Amino acid sequence: MVKLNNNVEIPELGLGVYKIEDADVERVVHTAIDAGYRAIDTAWFYKNEKALGTALKTLNINREDLFITTKLWMTDYGRENVQSAYEASLKRLGLDYVDLYLIHWPGQDKDLITETWKAMENLYNEGKIKNIGVSNFHVHHLEELLQEASIKPVINQIECHPYLTQKELRAYLEAQKIVAQSWSPLMNGQILEDEVVKEIANELGKTPAQVIIRWNIDENIVVIPKSVTPSRIEENLNVFDFELSE
Ligand code: NDP
């Protein structure tokens, strides 16, 4: 588990569900939960919140043992829209709260983001959301936001993998006590073809995906690989019995 700046804990590894078709969601979610996943990352934009909600209902697991993330899309930014967008997400998900709600993209309108963040803060203060954060924010977006914010984002979800280490941004996040979470950690599978990664995997008797996921965990990056393939879903979680050398 990784501790957020408000002392809430998030599993270091979760399942991303971008581009998982509705028809596959229930099977994938059951496979993941049976394997031991407890965190799931979706978004309004993925159009599978409803299918995820249907799947969640069929799980034999306590709600407080799950960590569900969804994200606010740009068309719902602004003071008036956030609460209704959040409530619509909750309805689709069949939940009465989400564990983490993220502003999906910073966009270009600083005032609109500030307003949106304030509305997120209200929902957080009212206890309706457990944690609030952002996604795809650069240092300058965060600097602007932090000038106006009463509550710090707990997470910034960003594209991150060994081909895009985001060193500078991550140093800033660490200084601000904002956890980095990586999207497309496997570069949609591309990085698994890298010869160095393959070599390391061979040496360790692990797979390239396991090496890359372990790299994230060692770097204190919360990681959410996506797969619809049962063997891969299990493989991607099986990263706690080896270490990477420097
Ligand atoms: P990933 O980097 O997780 O890669 C997923 C791809 O890799 C799929 O094609 C999958 O195939 C394949 N794969 C998964 N595991 C293995 C394995 N062990 N061996 C070989 N291939 C494997 O891509 P995503 O873009 O889905 O990123 C992960 C999550 O991040 C998303 O699902 C979403 O939740 C989030 N995200 C957030 C964004 C944002 O803007 N905040 C943007 C993009 C993603 P298969 O499924 O066929 O098994």
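Residues numbered from 1 in each chain as written. Predicted model: local features only at pLDDT ≥ 70, side-chain atom pairs only at ≥ 80, totals over all residues. Heavy atoms only, no water.

A. Representation of unusual backbone geometry within the structure. For Asn136, which is not glycine, the phi torsion reads 65° and is therefore positive. Along the chain, Asn136 falls in the loop between strand E7 (132-135) and helix H5 (139-148). One non-glycine residue with positive phi stands out, namely Asn220, at about 60°. With respect to the helices and strands, the residue Asn220 is situated in the loop between helix H8 (208-218) and strand E10 (221-223). (Helix = DSSP H or I, 4+ residues; strand = E, 2+ residues; numbered from the N terminus.)

B. Expanded view of a nonpolar patch on the surface. Together, Val196, Ile200 and Leu204 give the surface a local cluster of nonpolar side chains, amounting to about 230 Å² of exposed area. Looking at where Leu204 falls in the secondary structure, it is placed in helix H7 (residues 195-204). Overall, the relative accessible area of 34% leaves Leu204 in the partly exposed class. (Patch = residues over 30% accessible without salt bridge, like charges linked within 9 Å, V, L, I, M, F, W, Y side chains within 5 Å. Areas by Shrake-Rupley, 256 points an atom, 1.4 Å probe, with all protein chains shown as cover. Salt bridge = Lys/Arg side-chain N within 4 Å of Asp/Glu carboxyl O. Buried < 20%, exposed > 50% of the residue type's maximum accessible area, 1.4 Å probe, protein only.)

C. Seen up close, the packing of aromatic side chains. Within the structure shown, the criterion is met by five aromatic pairs. A centroid spacing of 4.6 Å and a plane angle of 35° characterise the contact between Tyr18 and Tyr46, whose relative ring orientation is tilted. With a gap of 28 residues between them, Tyr18 in the loop between strand E3 (15-16) and helix H1 (22-35) and Tyr46 in the loop between strand E4 (39-41) and helix H2 (49-57) connect regions that are remote in the sequence. Taking the relative accessible area as the measure of exposure, Tyr18 reaches 39% and is therefore partly exposed. Taking the relative accessible area as the measure of exposure, Tyr46 reaches 15% and is therefore buried. Seen in terms of ring centroids, Phe45 and Trp73 are 4.3 Å apart; in terms of plane orientation they differ by 20°. Their pairing is stacked. (Phe/Tyr/Trp six-rings, centres within 6.5 Å; stacked < 30°, edge-to-face > 60°.)

D. Focus on the packing of H5 against helix H6 (residues 167-176). Taken N-terminus to C-terminus, the directions of H5 and H6 make an angle of 25°; their axes are 10 Å apart at the nearest point. When the axis of H5 is compared with that of H6, the two are roughly parallel. Residues Val139, Leu142, Glu143 and Leu146 of H5 touch H6, and the partners they reach there are Leu169, Tyr172, Leu173 and Gln176. (Axes fitted to C-alpha atoms, helices over the stretch in contact; angles between N-to-C directions. Parallel < 35°, antiparallel > 145°, perpendicular 65-115°, else oblique. Contact = heavy atoms within 4.5 Å.)

E. Geometry of the packing of H1 against H2. Interhelical geometry of H1 versus H2 gives an angle of 40° and a closest axis separation of 9 Å. For H1 against H2, the interelement crossing comes out right-handed. Contacts from Asp22, Val25, Glu26, Val29 and His30 of H1 reach H2 at Ala51, Leu52, Thr54 and Ala55. Tallied by class, residues from the contact of H1 with H2 come to five nonpolar, two polar and two charged. (Left-handed = near helix turned anticlockwise from the far one by under 90°. Nonpolar A, V, L, I, M, F, W, Y, C, P; charged D, E, K, R; others polar.)

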